[in-house]
Amino acid sequence: MPNFHLDLVMSRIAIIGAGITGVTTAYALAERGHDVTVFERHRYAAMETSFANGGQLSASNAEVWNSMATVLKGLRWMFTRDAPLLLNPAPSWHKYSWMGEFLRQIPNYRANTIETVRLAIAAREHLFGIAEREGIDFDLEQRGILHMYQQKKAFDAAAKVNLLLQSGGLDRRAVTGDEMRAIEPTLQGDFHGGFFTPSDSTGDIHKFTRGLAEACERRGVRFHYDTQIANIEQRGDGPFAMRVLHGGSEGDEQQHGFERIVVCAGVASREIASMLGDHVNIYPVKGYSITVCLDDAASREGAPWVSLLDESAKIVTSRLGADRFRVAGTAEINGFNRDIRSDRIAPLVDWTRRYFPGVATSRVIPWAGLRPMLPSMLPKVGSGKRRGVFYNTGHGHLGWTLSAATAHSIAERM
Ligand SMILES: Cc1cc2nc3c(=O)[nH]c(=O)nc-3n(C[C@H](O)[C@H](O)[C@H](O)COP(=O)(O)OP(=O)(O)OC[C@H]3O[C@@H](n4cnc5c(N)ncnc54)[C@H](O)[C@@H]3O)c2cc1C
């Protein structure tokens, strides 16, 4: 028999999801004195998309993808094996409605890119402040991000984007092939040139989120792990009754009451939003990473410390401490599919071998995650239709970069 227990307490806030967005939101609210409870279906924080991402805290990657140039490139990629973008054309209302909205956002390309840069720059201050205050070690490297271009055409196109990023307040400068090698001496290969952003950095999102969840607990935040939100109801303007399953679908069923809810459920936010009467059209855009274990001295010396972004392969890298090198990339529009495909992992390994031949790739840990992406590529940060409903979700390919700023912003509003 399910165990029902009613826990209706006024003025309490429930957060759904303990990824980077949920935990930064919990921290920002706890700092302001709120009574916060976090619900997470996994046993620990940061087990879904905030697990093994590219690691970049990158204002320099703020360009939104809603442009005709990107759409045309994407169409070409559809017919290329090993292309960074893969689209499963099978019919799905979710997929095609998302793509339609994505195209309708093209006129907002400029404004949305500038807004993303602004948010990314603001986020740094919050993130570094939190890590310092709470003593969180997350393999932070403040050595900048270097964008690499093999072809002049791509470099010239990037120069135009650079003007946009600069108008958002970012210091990002063009560098020659020789300057690139001076910035990151382990990098091999020929390049037309690059763009370097000294103020960007990298770190381990999983370590940070776990460390911050512990800091939240010290500040009185309650975490219910292994607890899935199954249903939410609200009577009139009154509190929300949340039906939760503890310990999986066969487990205990309980009911909790809260006055306010913040949805930070990553790719599940669309489903939760529909329970709350909102349409939040998040699509799961799949990506892959490998963590290369730098087990020997030659590999540790041959792997870069400066973070890289290869524009043609859409690959990003991060050095996570002395003995881990993360390489991430690719975008797959293929629904809620988390399978790790070896033909999508191979290009990441090949890329590592090509540019860092001194690094052994005998031990790499593959991973796949789903980016919670809105068609505008800007996160939804604000209230829903019903009183007491809030969202901090849909951060797409930049959740690690932006979360500290959006958590601050939602907490201020609440
Ligand atoms: C390959 C790849 C590389 C990336 N690289 C970068 C990068 O370099 N820099 C960057 O800034 N960003 C990067 N990102 C994006 C970034 O990782 C994400 O934007 C971010 O992790 C999303 O965090 P989140 O909190 O929204 O989602 P999640 O981390 O997925 O958290 C949502 C949580 O909600 C929980 N949940 C959902 N539904 C329920 C429910 N019903 N009940 C209880 N719990 C629920 C889930 O279990 C999950 O833990 C990358 C993403 C990928 C896939």
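Since this is a predicted model, take the numbers as computed values, not measurements. (Residues numbered from 1 in each chain as written. Predicted model: local features only at pLDDT ≥ 70, side-chain atom pairs only at ≥ 80, totals over all residues. Heavy atoms only, no water.)

1. Concerning unusual backbone geometry
Part 1: Although it is not a glycine, Ala46 sits at a positive phi angle of roughly 60 degrees.
Part 2: Relative to the helices and strands, Ala46 resides in the loop between strand E2 (35-39) and strand E3 (56-57). (Helix = DSSP H or I, 4+ residues; strand = E, 2+ residues; numbered from the N terminus.)

2. Focus on the site of the ligand
Part 1: Neighbouring residues of the ligand: 37 residues in total, closest Thr21, Glu40, Ser50, Gly396 and Thr401.
Part 2: His397 places a polar main-chain atom, nitrogen or oxygen, 2.9 Å from a nitrogen atom of the ligand.
Part 3: Measuring from an oxygen atom of the ligand, one finds a backbone N or O atom of Trp400 at 3.1 Å.
Part 4: Across the complex, the protein chains shield 98% of the 1000 Å² of accessible surface that the ligand would expose by itself.
Part 5: If you list the elements that add at least two residues to the shell around the ligand, you get helix H1 (20-31), strand E10 (227-234), strand E14 (283-293), strand E18 (364-373) and helix H11 (399-413).
Part 6: With four residues, E18 is the largest single contributor of residues to the shell around the ligand.
Part 7: Partitioned by chemical class, the residues of the shell around the ligand number 14 nonpolar, 19 polar and four charged. (Near = heavy atom within 4 Å. Polar contact = N/O pair within 3.5 Å; in protein donor to acceptor, adjacent residues only side chain to side chain. Areas by Shrake-Rupley, 256 points an atom, 1.4 Å probe, with all protein chains shown as cover. Nonpolar A, V, L, I, M, F, W, Y, C, P; charged D, E, K, R; others polar.)

3. Re a nonpolar patch on the surface
Part 1: A surface patch of nonpolar side chains, amounting to about 540 Å² of accessible area, comprises Met68, Leu72, Leu75, Met78 and Phe79.
Part 2: Within the element layout of this structure, Phe79 appears in the loop between helix H2 (68-77) and strand E4 (85-87).
Part 3: Judged by relative accessible area, which is 74%, Phe79 ranks as exposed. (Patch = residues over 30% accessible without salt bridge, like charges linked within 9 Å, V, L, I, M, F, W, Y side chains within 5 Å. Salt bridge = Lys/Arg side-chain N within 4 Å of Asp/Glu carboxyl O. Buried < 20%, exposed > 50% of the residue type's maximum accessible area, 1.4 Å probe, protein only.)

4. A short note on the sheet that holds strand E12 (residues 252-258)
Part 1: The strand order E10-E11-E12 describes an open sheet built from three strands, whose pairing is antiparallel. Both edges of this open sheet fall to E10 and E12, since each of them pairs with a single strand only. Here the strands of the sheet are splayed against their neighbours by 25 degrees on average, with no regard to which way each runs.
Part 2: When E10 meets strand E11 (residues 240-246), the two strands line up antiparallel, connected through seven bridges. Looking at the pairing, Glu233 lines up with Ala241 of E11. (Pairing = 2+ DSSP bridges. Axes fitted to C-alpha atoms, helices over the stretch in contact; angles between N-to-C directions.)

5. Things to note about empty space enclosed by the protein
Part 1: This structure, assessed with the given rule, holds one cavity of 30 Å³ or more.
Part 2: Each pocket or cavity is described by its volume, and for the largest cavity that value is around 60 Å³.
Part 3: What lines the largest cavity is simply Leu57, Ser58, Ala120, Ala123, Arg124, Leu127, Phe128, Ser201, Trp400, Thr401 and Ala404.
Part 4: Sorting the residues of the lining of the largest cavity by element identifies helix H4 (109-134) and H11 as the ones contributing at least two each.
Part 5: It is H4 that provides the largest number of residues to the lining of the largest cavity, a total of five residues. (1 Å grid on protein atoms, 1.4 Å probe; cavity = no way out; pocket = protein on both sides within 12 Å on 5 of 7 lines; lining within 4 Å. Points joined across faces, edges and corners; volume = space filled by probe spheres on them.)

6. Section: the state of the cysteines
Part 1: All told, the structure shown has zero disulfides when counted by the stated rule.
Part 2: Not part of a disulfide, Cys216 finds its nearest cysteine sulfur in Cys264, a span of 11 Å. (Disulfide = S-S within 2.5 Å.)

7. As for the confidence of the model for the chain
Residues shown with low pLDDT carry predicted positions that ought not to be read at fine detail.
Part 1: Here the chain averages 94 in pLDDT, while 97% of its residues score no lower than 70.
Part 2: Confidence over residues 1-10 falls short of pLDDT 50; this stretch has 21 contacts with residues more than four positions distant or in other chains. (pLDDT = per-residue confidence, 0-100. Contact = heavy atoms within 4.5 Å.)

8. Some details on the packing of H1 against helix H7 (residues 205-218)
Part 1: Contact geometry for H1 and H7: axes closest at 9 Å, N-to-C directions at 30 degrees. Relative to H7, H1 is oriented roughly parallel. In the crossing of H1 with H7, the sense of the turn from one axis to the other is left-handed. In contact with Ile20, Val23, Thr24, Ala26 and Tyr27 of H1, H7 contributes Ile205, Phe208, Thr209, Leu212, Ala213, Ala215 and Cys216. (Parallel < 35°, antiparallel > 145°, perpendicular 65-115°, else oblique. Left-handed = near helix turned anticlockwise from the far one by under 90°.)

9. What about the packing of aromatic side chains?
Note on aromatic pairs: each is described by the distance of the centres and the angle between the planes.
Part 1: Per the counting criterion, the structure on display carries 14 aromatic pairs.
Part 2: With centroids separated by 5.0 Å and ring planes inclined at 20 degrees, the aromatic side chains of Phe155 and Phe195 adopt a geometry described as stacked. Of this pair, Phe155 sits in helix H5 (residues 152-167) while Phe195 sits in strand E7 (residues 193-197); the two residues are 40 residues apart in sequence, bridging distant segments of the chain. Of the two residues, Phe155 and Phe195, neither departs from the other in class, the shared state being buried.
Part 3: Between Phe191 and Tyr355, the ring centres sit 5.6 Å apart and the planes meet at 25 degrees, which makes this aromatic pair stacked. Here the residue Phe191 occupies a position in the loop between helix H6 (177-183) and E7, and Tyr355 occupies one in helix H10 (residues 342-355), the gap between them amounting to 164 residues. Of the two residues examined, Phe191 and Tyr355, each falls in the buried class.
Part 4: Members of the aromatic cluster, joined through ring pairs, are Phe191, Phe325, Trp351, Tyr355 and Phe356.
Part 5: Sitting over the ring of Trp305, Arg319 keeps its end group 4.0 Å from the ring centre. (Phe/Tyr/Trp six-rings, centres within 6.5 Å; stacked < 30°, edge-to-face > 60°. Lys NZ or Arg CZ within 6 Å of the ring centre and 35° of its normal.)

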